[in-house]
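Coordinate inspection notes
Here's the letter readout for the chains.
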Amino acid sequence: MTSSAMIEREMAHGERPMGAGVFVAVVGPSGAGKDSLIAYARGRLAGEGAIEFVRRVVTRPSDGATEDHDSLSEEDFAEAEARGTFALSWRAHGLSYGLPATVDRGIEAGHVVVANLSRAAIPSLCRLYADVIVVEVVAAPEILASRIAGRARENAGDVAARLARQAGIDAGDATVVTLDNGGALEIAGERFVDLLRRALARAAIAGAV
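Just so it is clear, the model here is predicted, and its values are computed rather than measured.

Re the pattern of salt bridges
Between side chains of opposite charge, a pair can form when the charged atoms approach closely. As enumerated under the stated definition, the model contains 6 salt bridges in all. Arg-44 is the partner of Glu-190 in a salt bridge, and the nearest nitrogen-oxygen pair spans 2.7 Å. Remark: Arg-44 occurs in helix 2 (residues 34-44) and Glu-190 occurs in helix 8 (residues 185-208); sequence separation between them is 146 residues. Residue Arg-44 is classed as partly exposed on the basis of its relative accessible area, which comes to 33%.

Notes on the confidence of the model for the protein chain
When pLDDT is averaged across the protein chain, the result is 84; 79% of the residues are at 70 or more. Model confidence for the protein chain, summarised as mean pLDDT per element, is weakest for helix 1 (residues 4-13) at 50 and strongest for strand 1 (residues 22-27) at 97.

Some details on unusual backbone geometry
In this structure, His-93 takes a positive phi of about 55° despite not being glycine. Its place among the elements puts His-93 in the loop between strand 5 (86-92) and strand 6 (95-100).

Some thoughts on helix 2
Those residues of helix 2 not exposed but buried are Lys-34, Leu-37, Ile-38, Tyr-40 and Ala-41. An end-on view of helix 2 places all buried positions within 160° of arc, on one side of the element.

Describing the pairing of strand 8 (residues 132-138)
Across the 7 residues of strand 8, 6 count as buried, placing the element largely inside the fold. Sheet topology note: the strand 1/strand 8 ladder contains 5 bridges and is parallel. Looking across to strand 8, one finds that Val-27 is bridged to Glu-136. With 6 bridges joining them, strand 8 and strand 9 (residues 175-180) adopt parallel strand pairing. By the bridge assignment for strand 9, Glu-136 is matched with Thr-178.

Considering the sheet that holds strand 4 (residues 70-71)
Read across the open sheet, the 4 strands follow the order 4-3-6-5; overall the sheet is mixed. The sheet is open, and its two borders are formed by strand 4 and strand 5, each paired with just one other strand. By the bridge criterion, 2 bridges tie strand 3 (residues 57-58) to strand 4 in an arrangement that is parallel. Across the sheet, the residue bridging to Val-58 is Ser-71, located in strand 4. Strands strand 3, strand 5 and strand 6 of the sheet are contacted by helix 3 (residues 74-82), whose axis makes an angle of about 140° with strand 5.

So, how was this worked out
- Residues numbered from 1 in each chain as written.
- Predicted model: local features only at pLDDT ≥ 70, side-chain atom pairs only at ≥ 80, totals over all residues.
- Heavy atoms only, no water.
- Salt bridge = Lys/Arg side-chain N within 4 Å of Asp/Glu carboxyl O.
- Helix = DSSP H or I, 4+ residues; strand = E, 2+ residues; numbered from the N terminus.
- Buried < 20%, exposed > 50% of the residue type's maximum accessible area, 1.4 Å probe, protein only.
- pLDDT = per-residue confidence, 0-100.
- Arc of directions from axis to C-beta.
- Pairing = 2+ DSSP bridges.
- Contact = heavy atoms within 4.5 Å.
- Axes fitted to C-alpha atoms, helices over the stretch in contact; angles between N-to-C directions.

Okay, structure coming up:
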């Protein structure tokens, strides 16, 4: 679902998506370890170049055990969305998600912007920004099931339903990279760090043109 504010922004961009930064969208099934990878890279790249790790707004209380995010009620989220507070917003799994409008400034400044996204938000993202890299984080089904169960946030039926979802990625012309995070976090983490460093170089080249 795309908000009216989002539609207006997309129409304003027309055929010229925003650049010259690179938006790195991290997607993947529940339990793949997206937030863990982002946290690992944030620690490894602290102070290294123009890279921004985006804190999402979610209509779910922050429990300290999962993603570090800002929380809003559904009513407050809808009001913020209508005001144009978000660069991008979407709905998934019965929740509302938003990325702050400051993302636009980062992309315009030629930075690398990193955020955890849902697959359904990728088409809108690609209409907004000129250079998008989609990092699809994957892991074996048994690993996903174990990680989801370890959260103690969902019952067995919810876990089974999440694992049964098989969604493709409509990424258009965006670069799509698959990253296996089924083993030690450091292995996938270092690969992710290397990808972000290459994205920084890519943004620097685009900004110099």
